[in-house]
Amino acid sequence: MKIHEYQAKELFKQYGIKVPASILCEKKEDIEETIKNFMFPCVIKAQVHSGARGKAGGVKIAKNYQDAVKTANEILGMELTSKQAGTKKVNKILIEKAVDIDKELYLSLTFDRANEAIALIISNQGGMDIEETAKTSPDKICTQLIKDNFNPLQTVKKLGYNDEINSQIVSVINSLYRLSKEKDALLVEINPLVITKQNEVIALDAKINFDDNALFRHEDILALKDEKEENPFELQAQKEGLNYIKLNGTIGCMVNGAGLAMATMDVIRLSGKEAANFLDVGGGASSEKIEKAFKLLISDENLEAVFINIFGGILRCDFLAEGVKNAIQNLNIKVPVIVRMEGTNKEIGADILNHSGLKFTVVKDLNEAIEVIKKI
Ligand code: GDP
Ligand code: MN
């Protein structure tokens, strides 16, 4: 789960990381009142779950009151298009005291799964072009695995600052590490972490991704979820206990089991098409759950066909067939539906579909499925 910059900065403050003074604004009619007593110059920042807001026109410096009101009105409500997150409407802005930047650093803690450790990543070439730096001069980016005798100073010294700055950076790293562990974050990132002309180390940006599987033990974090930022289909799926991820292809798939879902996406690829989604209905799905999953699946506008690939172990094929039949009867589906069932009661399942009076293509195996999908 992602949160907004302003929320992440509140957490930073709790952990002793310095951030600029700021104030949040959510309504156009509140802009003038909010800015009236604020400090100038200030920075107006779009609060959307996206990186690269600066390049997309979502972060702007304002010199004085008039300028700030004008800029805030431009950014609040704008449609922000970034490479990372597509187009998103800006529903909140953060107004922040501008800082005199001397240096922009990059700092993050993330998982290095191959080494089974959290990795500290730091660079003195932070800011809006960090991706470019990573490509063209990877030597400018220092990485250290956090193992038993973790000593960030060792890495921080490589950046070439004085002891006073180094100790401030180390303190930020230690706080960030504590936050990451205590709140079960998958990524904490500060880009830029700045050194000001007054030699203060301040977090100008803040990004945190939390582990969804650990949210049950962090009510405070879960309360920060902004449903407007979530994909509406994915949100719906979460509420119904379905594992659904929206993708960009045209073949909707409904599968039970994550491994089978991956294999199914490969099969779709082999037939020259792309999957429209990942949908795992799980082992013990009922026919009602299948019906809900199916409805969700076909609400995708890009759909050319639906491919149902089920291994009937705990979920019996006749339950599946019943659920799919009900869903289709109620829904007036225009695209072809291809079904491959294997396992418990597959003959009964096939019978239910074949005698439903509805149009299904029941295939006997994956090879036949590939042939059918190819012709769509
Ligand atoms: P992002 O583009 O979504 O990562 O948004 P950031 O919060 O990182 O802001 C983008 C850029 O705006 C930063 O890299 C800074 O160069 C600039 N910026 C942000 N806040 C300030 C500030 O207080 N003073 C100055 N001079 N520049 C700022
Ligand atoms: Mn940034």
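Note that this is a predicted model, so its numbers are computed, not measured.

Quick notes on the rules
Residues numbered from 1 in each chain as written. Chains lettered and ligands numbered in written order. Predicted model: local features only at pLDDT ≥ 70, side-chain atom pairs only at ≥ 80, totals over all residues. Heavy atoms only, no water. Phe/Tyr/Trp six-rings, centres within 6.5 Å; stacked < 30°, edge-to-face > 60°. Helix = DSSP H or I, 4+ residues; strand = E, 2+ residues; numbered from the N terminus. Buried < 20%, exposed > 50% of the residue type's maximum accessible area, 1.4 Å probe, protein only. Donors = N, O, S within 2.8 Å, 3.2 Å for Na, K, Ca; no water. Near = heavy atom within 4 Å. Polar contact = N/O pair within 3.5 Å; in protein donor to acceptor, adjacent residues only side chain to side chain. 1 Å grid on protein atoms, 1.4 Å probe; cavity = no way out; pocket = protein on both sides within 12 Å on 5 of 7 lines; lining within 4 Å. Sits in = over half its atoms within 2 Å of the grid points. Nonpolar A, V, L, I, M, F, W, Y, C, P; charged D, E, K, R; others polar. Domains from an automatic or database assignment. Contact = heavy atoms within 4.5 Å. Buried area = accessible area lost by both parts, 1.4 Å probe. Salt bridge = Lys/Arg side-chain N within 4 Å of Asp/Glu carboxyl O. Arc of directions from axis to C-beta.

Description of the packing of aromatic side chains
In total, this model carries 1 aromatic pair according to the counting rule given. Both rings, one in Phe150 and one in Tyr177, keep their centres 6.1 Å apart while their planes meet at 50°; by these two values the pair is tilted. Of this pair, Phe150 sits in the loop between β9 (141–146) and α5 (152–156) while Tyr177 is found in helix α6 (residues 163–182), placing the two residues 27 residues apart along the sequence. Looking at Tyr177, the relative accessible area reads 23%, which means it is partly exposed.

Points about the coordination of the manganese ion (ligand 2)
Coordination of the manganese ion (ligand 2) by the protein comes from Asn191 (O) and Asp205 (OD), over a distance range of 2.1 to 2.2 Å. Within this pair, whereas Asn191 is found in strand β10 (residues 185–196), its partner Asp205 is found in the loop between β11 (201–203) and β12 (207–210), the two being separated by 14 residues in sequence. Taken individually, Asn191 and Asp205 each receive the classification buried, so the pair is uniform in this respect.

A word on the site of ligand 1
Every one of the 18 residues lining ligand 1 counts as a neighbour, but Lys45, Arg53, Gly54, Val99 and Glu104 are closest to it. Within the backbone of Ala52, a nitrogen or oxygen atom sits 3.4 Å from an oxygen atom of ligand 1. Between ligand 1 and the protein, one listed contact pairs an oxygen atom with a backbone N or O atom of Asn191 at 3.1 Å. With respect to the pocket detection grid, ligand 1 is positioned in the largest pocket. Within the residue set of the shell around ligand 1, elements represented by two or more residues are β2 (42–46), β3 (59–62), β7 (101–112) and β10. Residue classes in the shell around ligand 1 are distributed as 10 nonpolar, 3 polar and 5 charged. Of the residues that make up the shell around ligand 1, three or more belong to each of domain 1 (21–97) and domain 2 (101–222).

Concerning the side chain of Thr133
Relative to the helices and strands, Thr133 is located in helix α4 (residues 130–136). Here Thr133 is in contact with Gln125, Pro138, Lys140 and Ile141, once residues within four sequence places are set aside.

Observations concerning the domain arrangement of the protein
How big an interface is tends to be reported as the loss of accessible area on association of its parts. Each assigned domain of the protein is listed with its residue range as follows: domain 1 (21–97), domain 2 (101–222) and domain 3 (231–374). Between the C-alpha centres of domain 1 and domain 2 there is a distance of 25 Å. Counting residues at the interface gives 7 residues for domain 1, matched by 6 residues for domain 2. For the pair domain 1 and domain 2, the summed buried area comes to about 440 Å², and 32% of that belongs to carbon and sulfur atoms. At the junction of domain 1 with domain 2, the criterion picks out 2 salt bridges. Where domain 1 touches domain 2, the interface holds 4 residue pairs in polar contact (both at pLDDT 80 or more). By residue class, the composition of the side of domain 1 that touches domain 2 is no nonpolar, 3 polar and 4 charged.

So, the pattern of salt bridges
Any two side chains of opposite charge can pair, given that their charged atoms come close. Scanning the entire structure with this criterion turns up 26 salt bridges. The partner of Asp205 in a salt bridge is Arg53, with the nearest N and O atoms 3.0 Å apart. Of this pair, Asp205 sits in the loop between β11 and β12 while Arg53 sits in the loop between β2 and β3; the two residues are 152 residues apart in sequence, bridging distant segments of the chain. Neither residue differs from the other here; Asp205 and Arg53 are each classed as buried. The closest approach of N and O atoms between Lys183 and Asp220, which form a salt bridge, is 2.8 Å. Of this pair, Lys183 sits in the loop between α6 and β10 while Asp220 sits in helix α7 (residues 219–222), placing them 37 residues apart in sequence. According to the relative accessible area criterion, Lys183 is buried, its value standing at 13%. Classification of Asp220 by relative accessible area gives partly exposed; the value is 39%.

Remarks on helix α13 (residues 366–374)
Of all the positions in α13, only Ala369, Ile370 and Ile373 are classed as buried. Viewed end-on, α13 has its buried residues packed into an arc of 100°, placing them on one side of the element. Buried residues in α13 make contact with β14 (251–255), α9 (258–270), β16 (305–312), β17 (337–343) and β18 (361–363). The N-capping residue of α13, defined by a side-chain oxygen 3.3 Å from the backbone nitrogen of Asn367, is Asp365.

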